[in-house]
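# Residue-level structure breakdown
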Amino acid sequence: MRIQTTILATSLLLLATPMAALAESFTLQRTLQQVIETYPTIEIARMQVARAQQETLKAQSILGWNLGAQAGASHDISPFLGTPSDSANLSANLTRPLASGGSIGIGGNYSYEDSSFTFGPSFPNPSHFSRIDANYRLPLAKGAGNPQYEGAMISAEAGARIAQANEYTTRDQLASQTMELFYGAAATRIQMATAKDAIERAQRLKKYIQGNARLGLSEEKDLLQAQAQLQARISDYDALVVAWEQQRTAINRLLDRPRTAEFDPVLQDRGELNDDPVKIMEQAKNYSPDLKRQQAQIEIAEATINTSKDEARSQFDLVFGVGYGNKQGPATPPVNESDYAASVQLEFSRPLDKRGVDAVVTQAVLDRSIGLREIKRLSDDLEYNVNGLVAEISSSQAALESHRLRVTTEQAKFDEALRRYRTGREDTRNLIQFENELQVSKLALEKQRIELSRRHASLEMLRGTLVANETGVKGEQ
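A quick note: this is a predicted structure, and the numbers were derived from the prediction, not measured.

### A closer look at the overall build of the protein chain
Across its full length, the protein chain carries 10 helices and 10 strands. Counting over 477 residues, the protein chain shows a buried share of 39%. Accessible surface, the protein chain as shown: approximately 26900 Å² in total, 55% of it carbon and sulfur.

The following block contains the structure:
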């Protein structure tokens, strides 16, 4: 009996330790804020968004200027007369595609030639020739409107939105995992507090029975019942401590805290929904990362269709050119002649094998069809989830009020039974049963509070209001 008393005293001493006073308090808001700021997967997702945004710059560079240049010198033997000659040349050009599909180009050329043989005094030797040209290419069929550039821009912007949607999906998955741990930890701590209260009540009941036994008002079986009740409560508490250790370790990992750092989940009550269900559904569809991802993929497929169809068209370009040239050199008389030049020409080409292009178009059409069906499926799923949570929140709110009334009734029933027991008008077994029913009602009330808060948070995550897009986590309503 002395050993049992020592064990009981030790257990009660552990229960009396002010763990909550030493633990750091965390609301769901603060927990999500810290997880999102520190967990590596979020930073990786943000880097992927930044990487995807560079694709837009790559697409814009299609319309950039291109510089080309060439220079050379040579000493050779003329194949006609067998006389040696020296020559040099230098050329440079600038070209730029236009958003309209055409292109412009500016070029310059200089050449020098000095031959040991001259055809006559009227031919300059050595001679210098310089020329500057400008041209404009206007596509009339393939390339008109520059669908390649337009498609590249659409695909780049859609790719950035896909990466952004992936970031939101990663963040929501992490938030969902955090919510499960947070509410699980809150449930365990509430159960531990309830179990502790039950131990204290069982201890008081045992002490009261021991006093009555000394006065001859209680039997040995009453004392044994009270002792069994106390031991059962202590066993329940010990099992909860083991569960709490596992939950605390998991949530500290997400929070990047020491494994044994104390964590006190603070549950904040959620009220009734004030927003119209139609507005909630609209918010959910506007936010949904899955829908945004599918919409972006459809845009990419449509851009691929347009560019591939353009690839299959015949090339029919109209090219305009203007230029100015000058030739000079020593002769009799000296030569220094300049003149303007202008040209216009049509260029035509046609691909004869279109199987590859047709296959690309077919694949893109299938991708678009798949995306449209996925959007329909995702929209239907989202409607079921949102409407289901709205209905569950309404029902949970009503159930919460019922549980509160039940706790009030069970408390009054237990208090009345305890008063009767003190006057010898109530059986010990009934008193213990009433105490158990009171404990069960309190646990049910707290679990209902947790479930109601969880459903509110889940609905806010679907609406995109649980985790803000730029600043982290929004406050709980």
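### With respect to the packing of helix 3 (residues 28–38) against helix 6 (residues 220–255)
With their axes 8 Å apart at the nearest point, helix 3 and helix 6 run at an angle of 55° to one another. For the element pair helix 3 / helix 6, the angle class is oblique. Here Thr31, Gln34, Val35 and Thr38 of helix 3 come into contact with helix 6, specifically with Ile251, Leu254 and Leu255. Among the residues making up the contact of helix 3 with helix 6, the classes are represented as four nonpolar, three polar and no charged.

### Observations regarding the pattern of salt bridges
According to the stated counting rule, one finds 31 salt bridges in the structure shown. Glu180 serves as the salt-bridge partner of Arg454, at 3.2 Å between the closest nitrogen and oxygen. Of the two residues, Arg454 sits in helix 10 (residues 428–463) while Glu180 sits in helix 5 (residues 147–214), which places them 274 residues apart along the sequence. For Arg454, a relative accessible area of 17% corresponds to the buried category. On the basis of relative accessible area, Glu180 is assigned to the partly exposed category, the value being 47%. Three or more residues joined by partner-sharing salt bridges are found here, namely Glu24, Arg30 and Arg257.

### A few points about the side chain of Glu167
Structurally, the position occupied by Glu167 is in helix 5. Overall, Glu167 belongs to the buried group, its relative accessible area being 8%. Of note is the side chain of Glu167, whose polar atom sits 2.7 Å from the side chain of Gln164. When residues no more than four places from it in sequence are discounted, the contact partners of Glu167 are Ala45, Arg46 and Val49.

### Overview of helix 9 (residues 355–422)
Between its first and last C-alpha atoms helix 9 spans 96 Å; for 68 residues at 1.5 Å apiece the expected length is 100 Å, and the two agree. Once helix 9 ends, the next one or two residues include Gly424, with phi positive near 80°.

### Details of the nonpolar core
Of all hydrophobic cores here, the largest spans 35 residues; its most connected members are Leu28, Met179, Tyr183, Phe263 and Leu466. Counting only elements with at least two residues in this core, the list comes to helix 3, helix 5, helix 6 and helix 10. Take this core: its biggest share by element is 13 residues, from helix 5. Residues contacting Tyr183, with those up to four places away along its chain left out, are Leu28, Leu267, Arg270, Ile450, Ser453, Arg454 and Ala457. Within the second largest apolar cluster, 17 residues are counted, among which are Leu378, Leu382, Val390 and Ile393.

### Regarding unusual backbone geometry
One non-glycine residue with positive phi stands out, namely Asn146, at about 50°. Position of Asn146 relative to the elements: it lies in the loop between strand 5 (127–139) and helix 5. The backbone of Asp256 sits at a positive phi, close to 60°, despite the residue not being glycine.

### Here we look at the side chain of Asp172
Tracing the sequence through the fold places Asp172 in helix 5. Summary of buried charges: Asp172 has no salt-bridge partner, and the nearest side chain of opposite charge, Arg171, is 4.4 Å away. Polar contacts involving the side chain of Asp172 include one to the side chain of Tyr287, which spans 2.8 Å. Non-local contacts of Asp172, meaning those with residues more than four positions away in its chain, are made with Tyr287, Pro289 and Met461.

### So, the packing of helix 9 against helix 10
In the contact formed by helix 9 and helix 10, the axes pass within 8 Å of each other and the chain directions differ by 160°. Between helix 9 and helix 10, the interaxial angle falls into the category roughly antiparallel. Considering only the axes of helix 9 and helix 10, their crossing is left-handed. Grouping the amino acids of the contact of helix 9 with helix 10 by side-chain chemistry returns 21 nonpolar, 10 polar and 11 charged.

### Concerning helix 6
Over its 36 residues, helix 6 extends 52 Å from the first C-alpha to the last, a length consistent with the 52 Å expected when each residue adds 1.5 Å. Positive phi shows up at Asp256, right after helix 6, with a value of about 60°.

### Regarding the pairing of strand 5
Here 11 bridges tie strand 4 (residues 103–115) to strand 5, and the two strands are oriented antiparallel to one another. Looking at the pairing, Ile106 lines up with Ala134 of strand 5. Here 12 bridges tie strand 5 to strand 7 (residues 315–329), and the two strands are oriented antiparallel to one another. Along strand 7, the bridge assignment pairs Ala134 with Val322.

### A word on a nonpolar patch on the surface
A surface patch of nonpolar side chains, about 790 Å² in accessible area, is lined by Trp65, Leu67, Leu94, Ile106, Ile132, Tyr324 and Tyr340. Turning to its location among the elements, Tyr324 is positioned in strand 7.

### Points about the environment of Ala158
On the secondary structure map, Ala158 appears in helix 5. Its relative accessible area of 0% is what places Ala158 among the buried residues. Setting aside residues up to four positions removed in sequence, Ala158 forms contacts with Ala296, Glu299 and Ile300.

### Regarding the packing of aromatic side chains
Inspection of every chain in the model, using the stated rule, returns six aromatic pairs. Pairing Tyr168 with Tyr287 gives two aromatic rings, centres 5.9 Å apart and planes at 25°, and the pair type is stacked. Separated by 119 residues along the polypeptide, Tyr168 in helix 5 and Tyr287 in helix 7 (residues 277–287) bring together distant segments of the chain. Each of the two residues, Tyr168 as well as Tyr287, counts as buried. With a centroid separation of 6.3 Å and 85° between ring planes, the pair formed by Phe182 and Phe263 is classed as edge-to-face. Of the two residues, Phe182 is situated in helix 5 and Phe263 in strand 6 (residues 263–265); the sequence distance between them amounts to 81 residues. The pair formed by Phe182 and Phe263 is uniform in burial state, with each residue classed as buried. Members of the aromatic cluster, connected to one another through ring pairs, are Phe26, Phe182, Tyr183 and Phe263.

Rules used in this analysis
Residues numbered from 1 in each chain as written. Predicted model: local features only at pLDDT ≥ 70, side-chain atom pairs only at ≥ 80, totals over all residues. Heavy atoms only, no water. Helix = DSSP H or I, 4+ residues; strand = E, 2+ residues; numbered from the N terminus. Buried < 20%, exposed > 50% of the residue type's maximum accessible area, 1.4 Å probe, protein only. Areas by Shrake-Rupley, 256 points an atom, 1.4 Å probe, with all protein chains shown as cover. Axes fitted to C-alpha atoms, helices over the stretch in contact; angles between N-to-C directions. Parallel < 35°, antiparallel > 145°, perpendicular 65-115°, else oblique. Contact = heavy atoms within 4.5 Å. Nonpolar A, V, L, I, M, F, W, Y, C, P; charged D, E, K, R; others polar. Salt bridge = Lys/Arg side-chain N within 4 Å of Asp/Glu carboxyl O. Polar contact = N/O pair within 3.5 Å; in protein donor to acceptor, adjacent residues only side chain to side chain. Expected span 1.5 Å × (residues − 1). Core = buried A, V, L, I, M, F, W, Y, C linked by side-chain atoms within 4.5 Å. Lys, Arg positive; Asp, Glu negative; His and termini not counted. Left-handed = near helix turned anticlockwise from the far one by under 90°. Pairing = 2+ DSSP bridges. Patch = residues over 30% accessible without salt bridge, like charges linked within 9 Å, V, L, I, M, F, W, Y side chains within 5 Å. Phe/Tyr/Trp six-rings, centres within 6.5 Å; stacked < 30°, edge-to-face > 60°.

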